[in-house]
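# Observations on chain architecture
Single-letter residue listing:
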Amino acid sequence: MTPGRSTDPAAPAHAPAADAGEVTRETLLHALYEAAELEHNLMCTYLYAAFSLREGAAEGLRPDEAAAVERWRRTILDVAVDEMGHLVAVWNITSALGGTPHFGRGNFPLDPGILPAGVVVRLAPFSAAVLQHFVHLERPEGSTEPDGAGFAPEFAFTRSARRPRITPMGLDYATVGAFYATLSDNLRRFVARVGERAAFCGDPALQLSPAEIGLGGAQPVICSRTALAAFAAIVVQGEGAPADAAGSHFRAFTAIRHELAALTAANPDFRPAHPAATNPVLRSPVRPAGRVWIEDETAAATVDVANATYGLMLRLVAYAYAAPRPHPHKSLAIDLALGLMRAMTPLAERAARLPAGPSNPDCNAGVSFVALRDAAPLPVGPAAGRFFVERLDELHRSGQALQAAAGGGDPRVDRALRQCQTLARRAASGFALDAPTPGPAAPVPVAAATGAATGPAVATAADNPSVRVVDGVEIVDGRTLQLRFESRRCIHARFCVSGAPQVFLANVQGPWIHPDAMDTEALVAIAHACPSGAIQYTRKDGRPDELPPPVNLLAVREAGPYAVHAPISLEGKPAGLRATLCRCGASKNKPYCDGSHHAVGFAASGEPATGEAQTLARRDGPLAIDPQVDGPLQVRGNLEVISGTGRMVTRVSQAALCRCGGSANKPFCDGTHARIGFRSD
């Protein structure tokens with residue numbers, strides 16, 4: 001974040017204590033709630049600036065300017081993601097101390113007194129002054145970086161009480177780093193008084209961990225050492241203290257400042273951002289000063305849906321903190337929340353490009369990040385699931401109304417709409433609120449359903465078994481087992497027609513699967529060899545069906561798909577134990593591979609470099625795979641990623657796998673899908 005004192009978790013802080021009285025759990029939680037609000041507010045301001053940035057020549061940028069602005073956008077968004085990680089770290093500490101993470105905050109612009117007088121937070125579009133404000137917020141200890149023009153506080157005031165009070169009160173601090181130094185010192189005093197065990201009495205299963213979310217702050221807090229390390233990491237990642245560390249937010253913003261100055265000198269007319277509103281509001285403000293009322297209905301409707309998306313995201317994260325691990329709703333809530341941020345982004349970008357209204361003719365609108373009055377988590381259970389499913393459906397319908405009003409041609413609304421539609425389906429499945437499963441479909445001709453008949457030959461098996469097709473799956477019952485063939489998953493590996501030609505008859509008219517034409521155990525082995533999971537079975541002889549593997553594996557095939565062997569849940573629904581998933585971006589049957597990598601000449605190594613490989617507590621168990629709209633495959637569960645030759649690449653509990661074909665960090669996503677306009681449907 002911003003300047004602090006020592007970043008050594010074991011070192012005593014040099015900032016003054018909150019007061020001269022006894023540090024209590026209540027005073028610690030009160031300060032942590034303010035820390036969460038501060039991280040939350042700064043995250044919103046960074047996002048707002050990123051949303052306002054222009055894109056390419058179509059929005060008036062020269063080629064070199066467009067490339068620079070795109071880098072700035074990615075950098076600022078990365079900083080915002082870091083702030084989300086800081087927020088999670090603060091919430092984990094709060095939970096460890098027995099508190100409930102706080103998801104509320106004041107609306108923009110913040111009223112005086114919510115934060116110290118010298119900490120000014122407001123929504124504003126990207127500019128040299130706003131960038132300087134960011135540099136000032138993230139400045140290292142001892143820095144003399146001034147605040148940006150226009151960010152002076154309304155007036156000076158003091159928040160701290162003159163004498164110790166049992167009612168907790170806000171602290172004064174010159175910098176956020178000093179605030180964290182005070183928090184660290186008070187935490188040490190509290191632990192020294194009550195002991196480690198009594199201090200950290202919260203249920204650790206309620207915290208977020210790397211199993212749920214891939215943020216640096218999502219580390220378990222179980223003692224003062226881990227809590228103080230989290231505080232120190234927040235300071236170092238932000239300001240780079242004590243020596244302006246490479247990769248810090250301060251260094252990132254100063255690098256942008258240098259590049260902005262150079263581009264502006266070369267082109268005085270360079271305007272990297274749209275003139276989005278400063279502190280936009282959706283209704284006529286009680287205090288008009290410093291606020292922009294969005295009167296244009298198209299803009300207001302866009303901001304309304306963006307705000308509602310943001311509000312539901314907060315509810316879902318709150319719910320994740322209420323669900324104890326390993327409750328399945330915990331990871332589901334986080335996945336849905338992250339998906340909603342991806343839905344909100346194009347709406348917020350659209351708002352920054354729409355007029356605010358007649359009262360502000362030279363100003364565009366902007367998302368206002370309205371905070372919910374009720375920020376408490378919903379009780380864990382089916383009622384919460386019903387609420388989330390209903391709300392996602394409402395967002396989807398609101399997105400449809402936006403698209404209809406836009407004449408159906410706004411790509412940003414389209415992205416948000418498809419994202420909300422996907423999330424609504426995922427929520428209905430994950431919260432077990434799917435519509436009743438329809439009965440078996442009427443039988444259809446097998447050749448028509450599967451395309452198996454490609455020649456004039458006729459099946460010669462003496463017994464033509466009964467065949468039915470349900471939801472695109474051919475179901476054939478034999479005496480000892482039922483075979484199922486799902487043609488859309490088949491990658492034509494040919495283990496079936498070459499290893500069991502008497503069962504799987506190639507190029508025939510009529511029934512082509514004859515499960516009784518081969519020994520049952522041998523046929524089961526052929527099914528196990530099918531890498532795509534197109535062939536599955538259920539035994540009828542009392543013997544066990546296929547068992548999950550002892551180690552979940554994902555093989556990266558040379559210039560081809562991912563081959564997964566694990567108990568797979570795809571978009572919240574069981575998908576068997578084997579699957580081949582597209583990673584070239586060209587399949588017409590996403591997320592499954594359909595062989596298009598051959599047609600497009602996809603070139604990608606099946607031997608990625610060996611990475612970190614920390615031992616997993618378990619190596620088996622369910623594996624959830626959720627294809628993101630126009631984005632990667634989000635994988636969650638115990639997984640060993642291996643090369644095409646079987647060499648271990650890494651072990652993960654969650655990962656985002658590239659499926660656009662463009663990542664420079666294959667098999668993992670690096671954000672290229674957004675830059676190349678990847679479409680997942």
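Everything discussed here concerns the structure shown above.
Presented here is an overview of the structure given in this document. (Residues numbered from 1 in each chain as written. Predicted model: local features only at pLDDT ≥ 70, side-chain atom pairs only at ≥ 80, totals over all residues. Heavy atoms only, no water.)

## A word on the packing of aromatic side chains
A complete count under the given rule lists 18 aromatic pairs for this structure. Geometrically, the ring pair formed by phenylalanine 103 and tyrosine 321 is tilted, given 6.2 Å between the ring centres and 55 degrees between the ring planes. Residue phenylalanine 103 is found in the loop between helix H2 (63–96) and helix H3 (128–137), and its partner tyrosine 321 is found in helix H8 (residues 297–322); the two are separated by 218 residues along the sequence. Relative to phenylalanine 253, the ring of phenylalanine 134 has its centre 5.3 Å away and its plane inclined at 40 degrees; by these criteria the two rings are tilted. On the criterion of sequence distance, the pair formed by phenylalanine 134 in helix H3 and phenylalanine 253 in helix H7 (residues 249–266) is long-range, its members being 119 residues apart. (Phe/Tyr/Trp six-rings, centres within 6.5 Å; stacked < 30°, edge-to-face > 60°. Helix = DSSP H or I, 4+ residues; strand = E, 2+ residues; numbered from the N terminus.)

## Regarding the sheet that holds strand S6 (residues 535–539)
With respect to topology, four strands assemble into an open sheet ordered S3-S4-S5-S6, the strand pairing being antiparallel. Among the strands making up the open sheet, the edge pair consists of strand S3 (467–470) and S6. Neighbour-to-neighbour, the strand axes of this sheet turn through a mean angle of 25 degrees, independent of strand direction. Lying on the sheet, helix H14 (residues 520–529) is in contact with strand S5 (481–486) and S6; it crosses S6 at an angle near 145 degrees. (Pairing = 2+ DSSP bridges. Axes fitted to C-alpha atoms, helices over the stretch in contact; angles between N-to-C directions. Contact = heavy atoms within 4.5 Å.)

## Thoughts on the side chain of histidine 40
Along the chain, histidine 40 turns up in helix H1 (residues 25–52). One polar contact links histidine 40 to tyrosine 310, side chain to side chain, over a distance of 2.6 Å. Each residue touching histidine 40, except ones within four places of it in the same chain, is listed here: Leu87, Phe103, Gly104, Arg105, Tyr310 and Leu314. (Polar contact = N/O pair within 3.5 Å; in protein donor to acceptor, adjacent residues only side chain to side chain.)

## Some points on unusual backbone geometry
Going from lysine 590 to proline 591, the amide bond is cis rather than trans, its omega being 10 degrees. Note that proline 591 resides in the loop between strand S11 (578–581) and helix H15 (596–599). Here the amide bond leading from lysine 666 into proline 667 is cis, since omega sits at 10 degrees, within 30 degrees of zero. Backbone geometry places aspartate 471, a non-glycine residue, at a positive phi of 55 degrees. Note on aspartate 471: relative accessible area 68%, which makes it exposed. Positive phi, normally seen in glycine, also occurs at aspartate 630, with a value near 55 degrees. Its place among the elements puts aspartate 630 in the loop between strand S12 (623–627) and strand S13 (633–643). (Buried < 20%, exposed > 50% of the residue type's maximum accessible area, 1.4 Å probe, protein only.)

## Topic: the pattern of salt bridges
Note on pairing: side chains with opposite charge can pair once their charged atoms come close. Evaluated as defined, the whole model comprises 37 salt bridges. One salt bridge connects lysine 540 with aspartate 477, and the closest N-O pair in it is separated by 3.6 Å. Of this pair, lysine 540 sits in the loop between S6 and strand S7 (553–556) while aspartate 477 sits in strand S4 (residues 473–477), placing them 63 residues apart in sequence. A residue is classified by how much of its surface remains accessible, and aspartate 477, at 24% relative accessible area, is partly exposed. In this structure, arginine 479 and aspartate 516 form a salt bridge, with 3.5 Å as the shortest nitrogen-oxygen distance. In this pair, arginine 479 is assigned in the loop between S4 and S5 and aspartate 516 in the loop between helix H13 (495–499) and H14, connecting sequence segments 37 residues apart. On the basis of relative accessible area, arginine 479 is assigned to the exposed category, the value being 61%. Residue class for aspartate 516 comes out partly exposed when judged on its relative accessible area of 32%. Each of the salt bridges in this network shares a partner with another, and the network as a whole consists of Asp414, Arg418, Asp630, Arg679 and Asp681. (Salt bridge = Lys/Arg side-chain N within 4 Å of Asp/Glu carboxyl O.)

## A word on the side chain of glutamine 207
Within the element layout of this structure, glutamine 207 appears in the loop between helix H5 (196–199) and helix H6 (224–239). Take glutamine 207: its relative accessible area is 2%, and that puts it in the buried class. Setting aside chain neighbours within four positions, we find glutamine 207 in contact with Asn92, Ser95, Ala96, Glu212, Gln219, Pro220, Val221, Tyr321, Arg325 and Lys330.

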